[in-house]
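Listed below, chain by chain, are the residues.
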Amino acid sequence: VTAAMLREHDVILAMEPAHLEELAALAAAGSGPCGAQLLGDYRPAGGNREAVIPDPYYSDMKGFSEVFLLLDEALDGLVDHLQARLERPR
């Protein structure tokens, strides 16, 4: 990711707060705002909703399955959000 990429794109997603911090620092170095947000913010409200989607790298297959479900929920929410944005009058 580069500062130019942060300026050129309006949807920038991160998985963990540390990633957001790195993106914000990169944007500041490029003299621009950082509109990045956590992908997990798009998961449905209610229940045990956590915005952080953990890295399953050091996990077993169950951990990968759990992360897959979190991603599936978040991506459904992201698609809904983007569709609503496209349908809004400009």
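Look a little higher up for the structure.
If you're wondering where the values come from, they're calculated on a predicted model, not measured in any experiment. (Residues numbered from 1 in each chain as written. Predicted model: local features only at pLDDT ≥ 70, side-chain atom pairs only at ≥ 80, totals over all residues. Heavy atoms only, no water.)

A. Seen up close, the overall build of the protein chain. When helices and strands are tallied, the protein chain shows 3 helices and 2 strands. If you list the helices and strands of the protein chain from N to C, you get α-β-α-β-α. With the principal axes as the frame, the protein chain shows a C-alpha extent of 40 × 35 × 20 Å. Among the 90 residues that make up the protein chain, the fraction classed as buried is 24%. Excluding contacts between residues fewer than 6 apart, the proportion of contacts in the protein chain whose partners are at least 24 apart in sequence is 46%. (Helix = DSSP H or I, 4+ residues; strand = E, 2+ residues; numbered from the N terminus. Buried < 20%, exposed > 50% of the residue type's maximum accessible area, 1.4 Å probe, protein only. Contact = heavy atoms within 4.5 Å.)

B. Spotlight on the nonpolar core. In this structure, Leu6, Ile12, Ala14, Leu23, Ala27, Ala36, Leu38 and Ala51 together form the largest nonpolar core, which totals 8 residues. Among the nonpolar cores identified, the runner-up in size contains 7 residues, and Ile53, Val67, Ala74 and Leu78 belong to it. (Core = buried A, V, L, I, M, F, W, Y, C linked by side-chain atoms within 4.5 Å.)

C. Summary view of the side chain of Arg43. Locating Arg43 in the fold gives a position in the loop between β2 (37-38) and α3 (61-87). Take Arg43: its relative accessible area is 10%, and that puts it in the buried class. At 2.6 Å, the side chain of Arg43 and the side chain of Glu73 are in polar contact. (Polar contact = N/O pair within 3.5 Å; in protein donor to acceptor, adjacent residues only side chain to side chain.)

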